[in-house]
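# Observations on the three-dimensional arrangement
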Amino acid sequence: MRGILSLAVITFKEGIRNRSLFGIALLALFLFGLNITVAGFFMRDIGKVTVDMNLSALSVAGLLLVFFVGVNLMAKDIDRKTIHLVLSKPISRIEYIWGKYLGILFFVFVSLAILLALSSATVFFLHGSYPDYFGQFTWSVFFVAAFFVFVKIALLVSIVVFFSSITTNSFITLIFSVCAFIVGSTIEEVLFYLRSSFAAKELAISDSLRHLLEIVSYLVPNLSVFDFKTEAAHGLAIGLDRLGFSLAYAAVYITVLLLLASLIFRRREFN
Amino acid sequence: MNLISFNNVCKTYDPGLFKKKIQAVNDLSFDLQQGEVFGLIGPNGAGKSTAIRMLLGLIRPDSGTIFYKGRPLREGSIQQDIGYLPENPYLYDHLNLLELLTFCGRSSGLDADAISERGTALMTRLNLLEAQKRPLRTFSKGMLQRAGICFALLHDPSIVILDEPMSGLDPIGRKMVFDLVMELKGEGKTIFFCSHILNDVERLCDRIGLMNRGGLVRLFARADFPQNDGNTVILHVAPLSAPQRHDLQALGGRLRQEEGEMLLAVAEDCYHPVNRYLEQQGVAVLGGRSEWVSLEELFMGIIKEQEA
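This text gives an overview of the structure that appears in the document.

Conventions we followed
- Residues numbered from 1 in each chain as written.
- Chains lettered and ligands numbered in written order.
- Predicted model: local features only at pLDDT ≥ 70, side-chain atom pairs only at ≥ 80, totals over all residues.
- Heavy atoms only, no water.
- Buried < 20%, exposed > 50% of the residue type's maximum accessible area, 1.4 Å probe, protein only.
- Helix = DSSP H or I, 4+ residues; strand = E, 2+ residues; numbered from the N terminus.
- Pairing = 2+ DSSP bridges.
- Contact = heavy atoms within 4.5 Å.
- Buried area = accessible area lost by both parts, 1.4 Å probe.
- Salt bridge = Lys/Arg side-chain N within 4 Å of Asp/Glu carboxyl O.
- Polar contact = N/O pair within 3.5 Å; in protein donor to acceptor, adjacent residues only side chain to side chain.
- Nonpolar A, V, L, I, M, F, W, Y, C, P; charged D, E, K, R; others polar.
- Phe/Tyr/Trp six-rings, centres within 6.5 Å; stacked < 30°, edge-to-face > 60°.
- Lys NZ or Arg CZ within 6 Å of the ring centre and 35° of its normal.
- Expected span 1.5 Å × (residues − 1).
- Arc of directions from axis to C-beta.
- 1 Å grid on protein atoms, 1.4 Å probe; cavity = no way out; pocket = protein on both sides within 12 Å on 5 of 7 lines; lining within 4 Å.
- Points joined across faces, edges and corners; volume = space filled by probe spheres on them.

## Brief notes about the pairing of strand β6 (residues 82–85) of chain B
Residues and elements named next belong to chain B.
- Here β6 shows a buried face lined by Ile82 and Tyr84 and a second buried face lined by Gly83 and Leu85.
- Note that β6 and strand β7 (residues 159–163) share four bridges and pair parallel. When the sheet's bridge partners are listed, Leu85 is paired in β7 with Leu162.

Laid out in C-alpha cells, this is it:
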C-alpha cells in the first residue's frame, strides 16, 4: 500500500507541474470566455447553450489532460526506462499499476475541479445576467452532469493505463486510447441505428457484421452512459437507477481493465 | 557464503517478427560472495546489463536459475536489500531531488526522519545539497548520475548494483563516487559493478568477471594483478639468459615476456637481493612501469582470442 501511495504522489506532482497543463487550462478558459461573449446571440436558448458549452469545455479539457499529459505519465516511464529504477525498489508491478492509475486520476481530478469552479462562475454570471432564460436550470443536475464528466475521464485513465501496460511506446498508447475513446463515444449511436428499421432495409449490413458489432459493443466502453449534458441543459431530473447503473458500469469497467493491466504487467519483461 | 549465484542462465531476446533472435546471455554462471566487490566487464552487447536486469527481476531467464541467499530468486525477494543505479538514469523531470528521495524512502519503508537524515548525508557527500530543490530536468548529466546514486543508496541497501557509475562524471565526480564505493566496501556491502573504465574496475574490485557474447569468459581474482598489492616494483629489464631467469625466480622475482620486452616484478621484501643480483650480472634496468599486466591488456587479449 505504501508503494501505491508514494507512486501516486510523485505521479500527481509530475503531472501537475507539466507545462501542457497551462495550455489546456487556457483553452478551457477561452471556451468559458467565448461562452460569456456569445451567450447573448442565442436569445431564449442562452441557458441551454451555456450549460452545454461549459460541460463540453470540461469534457474536452479532461480528454486533453488524459491524452497529452496522462499518457506520458505512465507510458514515458516505460519508454525512457525510468521503470527500471522504480521497480528496483520494493514496489510490486501490481502496486505500480494502481499507483500510476491513482496518481493520474488525482492529477486529472484536481485540474478538472479547478476548471469546474471557473465553469460554475461562468454559469453563475450568465445566470445572473439572463435569469429569464435559465428557467428549468438546476445546479444539482449541472453538478451531477459535471461529476459524470469526471467518471468518464476516470474510465479513460484506466484505458490509458491498460494500453500503457501492453505497448512499449507512448505514441502507440495514445493512438489506441484515442481510438477506444472514439469507438466508445459513437458505439451507442451505431447500435441505435443497427436496431432501427432503417438499418433493416440496408443490404450492405450483413447479419455477421451486425453480430460482430453487438459483441464489440460489450467490449468497448460505452461512454454515452456518462453523458448527462442534455438533462443538465434542459433541467431534466435524472433517475437514481440511471445514476447507479452508470456508476456501477464505470466501477466494473475500471476494475476489470486495471486487473487485466496488472496481469499483463506481471508477465511483462522490461529490456 | 554465496549471496547471489547465476547457474547456467540463458536469455534470448525476440526483436520482433521476421527478425533474428538475439542470444543476450548464454549459459552464464558465477557467484557473488557476501561483502565482496565484483566487477563485470565486457564489450558492448556482452550481456552485462541483461544479467543485472535478470537479477532485478525486470526480465526472466529462458533457462537456468538465479539464487539469492541459496533460494531461487522470486519477484520482489531481493528489492528490499538492493540499491540499483542504471547506466543512464532517467529520473522524473518535474520532481526535485528531495521529492525523489522521499519517494525512494517511503517506498522502502523508511520514516520521515530517516529519509531526511540519510538524504541529507548522501546529498552532502555527493555535493547535491544546494540543488536538492531544483527540478531534475535542470540537472547536468553528471548531477543526474549522482542523483541516481543517492536514489540507489538512500535505504542503506546491503547489495549495491552499479551499472556504469562513472558514466558522465567529471574527474571530481569520479573521485567522489570512487571514494563512496570504497566506503561502502569498508562497510561490508556487497557491490556488483559494471564499467567500461577498466582502471576503476581494477582498483575497486576484489574479483572481476569478463563477459563476451553472453557468456563468462574468465574470472580474475585480485591476486592476478600484483600492482594492486601496492608494494611491488615492476621493472623493464634487458633480455635475460635462461640461468638468469631461473636465479631471479629463485630470489622471488616474477618474470613475464611482453611484446619482446622482459618484465620483472619484485615484492618489497625481496627487492634488495634481486637488485644486488641484477648489479652483479650487469643486467640493465631499462625502466619501470606501474602495472604488471593491465586489465586492458588482458581484456583485449582475451577478446581477440575469442574473435579469432
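## Structural notes on the interface of chain B and chain A
- Taken together, the contact pairs 33 residues of chain B with 30 residues of chain A.
- For the pair chain B and chain A, the summed buried surface comes to about 3100 Å²; carbon and sulfur atoms form 52% of the total.
- Considering only the surface of chain B that becomes buried against chain A, Leu58, Tyr92 and His94 of chain B emerge as the three largest contributors, covering 23% of it.
- Counting every contact that joins chain B to chain A gives five salt bridges.
- Arg80 of chain A is the salt-bridge partner of Asp93 of chain B, the closest N and O atoms lying 3.2 Å from each other.
- Taken together, the links from chain B to chain A amount to 16 residue pairs in polar contact (both at pLDDT 80 or more).
- Looking at the side of chain B that touches chain A, the elements that each hand over two or more residues are β1 (2–13), α1 (48–56), β6, α2 (97–107) and α4 (141–153) of chain B.
- Per-element accounting of the side of chain B that touches chain A gives the leading share, five residues, to α2 of chain B.
- Partitioned by chemical class, the residues of the side of chain B that touches chain A number 16 nonpolar, nine polar and eight charged.

## Things to note about the pairing of strand β3 (residues 37–41) of chain B
- The buried count for β3 of chain B comes to five of five residues, which makes it a mostly enclosed element.
- Side chains Val37, Gly39 and Ile41 of chain B of β3 of chain B all project onto a buried face; the interleaved residues Phe38 and Leu40 of chain B project onto the opposite face, where all are buried too.

## Some remarks on the packing of aromatic side chains
- On inspection of all chains with the given rule, the structure shows 20 aromatic pairs over all chains.
- Geometrically, the ring pair formed by Phe103 of chain B and Phe151 of chain B is stacked, given 6.3 Å between the ring centres and 25° between the ring planes. Of this pair, Phe103 of chain B sits in helix α2 while Phe151 of chain B sits in helix α4, placing them 48 residues apart in sequence.
- The class of Phe151 of chain B is buried, set by a relative accessible area of 1%.
- Members of the aromatic cluster, joined through ring pairs, are Phe226, Phe245, Tyr249 and Tyr253 of chain A.
- Above the ring of Phe151 of chain B, the side-chain terminus of Lys89 of chain A is found at 4.7 Å from the ring centroid.

## Some thoughts on helix α2 (residues 20–38) of chain A
Residue and element names in this part refer to chain A.
- Taking 1.5 Å as the rise per residue, α2 with 19 residues should run 27 Å; its terminal C-alpha atoms sit 27 Å apart, in good agreement.
- Buried within α2 are the following residues: Leu21, Ile24, Ala28, Phe32, Asn35 and Val38. Projected onto a plane normal to the axis of α2, the buried residues spread over an arc of 150° and lie on a single side. Opposite the buried face of α2, by more than 90 degrees, sit the exposed residues Phe22, Leu26, Phe30 and Thr37.
- Of the surrounding secondary structure, the elements contacted by the buried residues of α2 are α1 (2–16), α3 (46–79) and α5 (93–129).

## Digging into empty space enclosed by the protein
Residues and elements named next belong to chain B.
- Throughout the structure, instances matching the rule amount to one cavity of 30 Å³ or more.
- Lining the largest cavity we find Ile149, Leu153, Leu162, Val177, Leu180, Val181 and Leu184.
- Looking at the lining of the largest cavity, the elements with two or more residues in it are α4 and α5 (171–186).
- A per-element tally of the lining of the largest cavity places α5 first, with four residues.
- Residues that form the lining of the largest cavity fall into these classes: seven nonpolar, no polar and no charged.

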